[in-house]
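Descriptive analysis of the structure
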Amino acid sequence: MLTFEAFLIIFFTLMALIITVSIIYNTVRLGISPMPSSHKAYRTMMQLADETDSGTIIDFGSGWGNLVIPIAKRYPHRQIIGYELSYLPWLTSRLLKQLLGLKNLTVHRQDFYQADLSSASVLVCYLFPQAMQKISDKLRLEQSNVNFLISNNFALPSWQPIKTIQVDDFYKSPVYLYKISNKSENEYI
Ligand SMILES: C[S@@+](CC[C@H](N)C(=O)[O-])C[C@H]1O[C@@H](n2cnc3c(N)ncnc32)[C@H](O)[C@@H]1O
C-alpha cells in the first residue's frame, strides 16, 4: 500500500516529467523554446511600442505571457493578442490573464503563420531566422494592416529597420523596429 508521501513524490515526479517532455517536444517541433526575452529587452520593446500607433498589438509566439501581460497592462485601451502553440506556456498565460483580469488580452493556441492580420497594427516577436523569413513572406503576400514590427534579436529579411537599439543585457541583443506600411518604399531588396 502506497503511503501519502510516496504518492506525492510519484505525482510530482510524473508532473515534472510530463512538463519537461511537453516543452522538449514543442521546442523540437517549433524550432524554438519558450524562453522569454530578457527584462531589458522587454523594456526596450515596450519603449519602441510607444513609438507606434494605437492599434492592436500581436505577439507572434507569446510563450508564458511574459511580454503580452506587461503590454496589456501598459496599454489598457489597445487590444493585445498572443499566438502560442506550446500547450503549457499557452495555458500559463491564459491563467495569468484570468487572474489579472486583463480584458484587453486574448491568447490563442494557434499557429501564428495562419493568423488573420487584418486587425493587427503592430507585430512583436522573439523568434529565429527561418521564422523571420516566413513572416517576411507573409507580410509581403498578404494584404494586412500591419504598420510596425518589433523584433528582439532577429532581423526581418529584406526590410530596413527604422530604428535599432542595442540592449544592455547578457546577450547584447539588438531590438529592431520596422515600419511595414508603404512596403515598396521600405524594402531594400
Ligand atoms: C522565444 S519564445 C518568445 C516568448 C515571448 N514572445 C517573449 O518575447 O518573451 C518563442 C515562442 O514562440 C512559440 N512559437 C514558435 N513557433 C510558433 C508558431 N508557428 N505558432 C505559435 N507559436 C509559436 C514557441 O512555442 C515559443 O514559446
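Residues numbered from 1 in each chain as written. Predicted model: local features only at pLDDT ≥ 70, side-chain atom pairs only at ≥ 80, totals over all residues. Heavy atoms only, no water.

So, about the domain arrangement of the protein chain. What the domain assignment reports for the protein chain is domain 1 (1–30) and domain 2 (39–186). With six residues of domain 1 at the contact, the number on the domain 2 side is six residues. When the two sides are added together, the surface that domain 1 and domain 2 hide from each other amounts to roughly 500 Å², 67% of it contributed by carbon and sulfur. Counting the surface domain 1 buries against domain 2, the share from its top three residues, Ile23, Asn26 and Leu30, is 64%. Joining domain 1 to domain 2, the criterion identifies zero salt bridges. Counting every contact that joins domain 1 to domain 2 gives one residue pair in polar contact (both at pLDDT 80 or more). Within the side of domain 1 that touches domain 2, the residues separate by chemical class into three nonpolar, two polar and one charged. (Domains from an automatic or database assignment. Contact = heavy atoms within 4.5 Å. Buried area = accessible area lost by both parts, 1.4 Å probe. Salt bridge = Lys/Arg side-chain N within 4 Å of Asp/Glu carboxyl O. Polar contact = N/O pair within 3.5 Å; in protein donor to acceptor, adjacent residues only side chain to side chain. Nonpolar A, V, L, I, M, F, W, Y, C, P; charged D, E, K, R; others polar.)

The next subject is the pattern of salt bridges. In this structure the tally under the stated criterion is five salt bridges. The partner of Lys138 in a salt bridge is Glu142, with the nearest N and O atoms 2.9 Å apart.

Around the ligand sit 21 residues, and of these Ser37, Tyr42, Gly61, Glu84 and Asp111 come closest. At 3.4 Å from a nitrogen atom of the ligand is found a main-chain nitrogen or oxygen belonging to Leu85. In the environment of the ligand, a nitrogen atom lies 3.1 Å from a nitrogen or oxygen atom belonging to the backbone of Phe112. In isolation the ligand has 600 Å² of accessible area, and contact with the protein removes 98% of it. Taken together, the residues that form the shell around the ligand break down as 12 nonpolar, six polar and three charged. (Near = heavy atom within 4 Å. Areas by Shrake-Rupley, 256 points an atom, 1.4 Å probe, with all protein chains shown as cover.)

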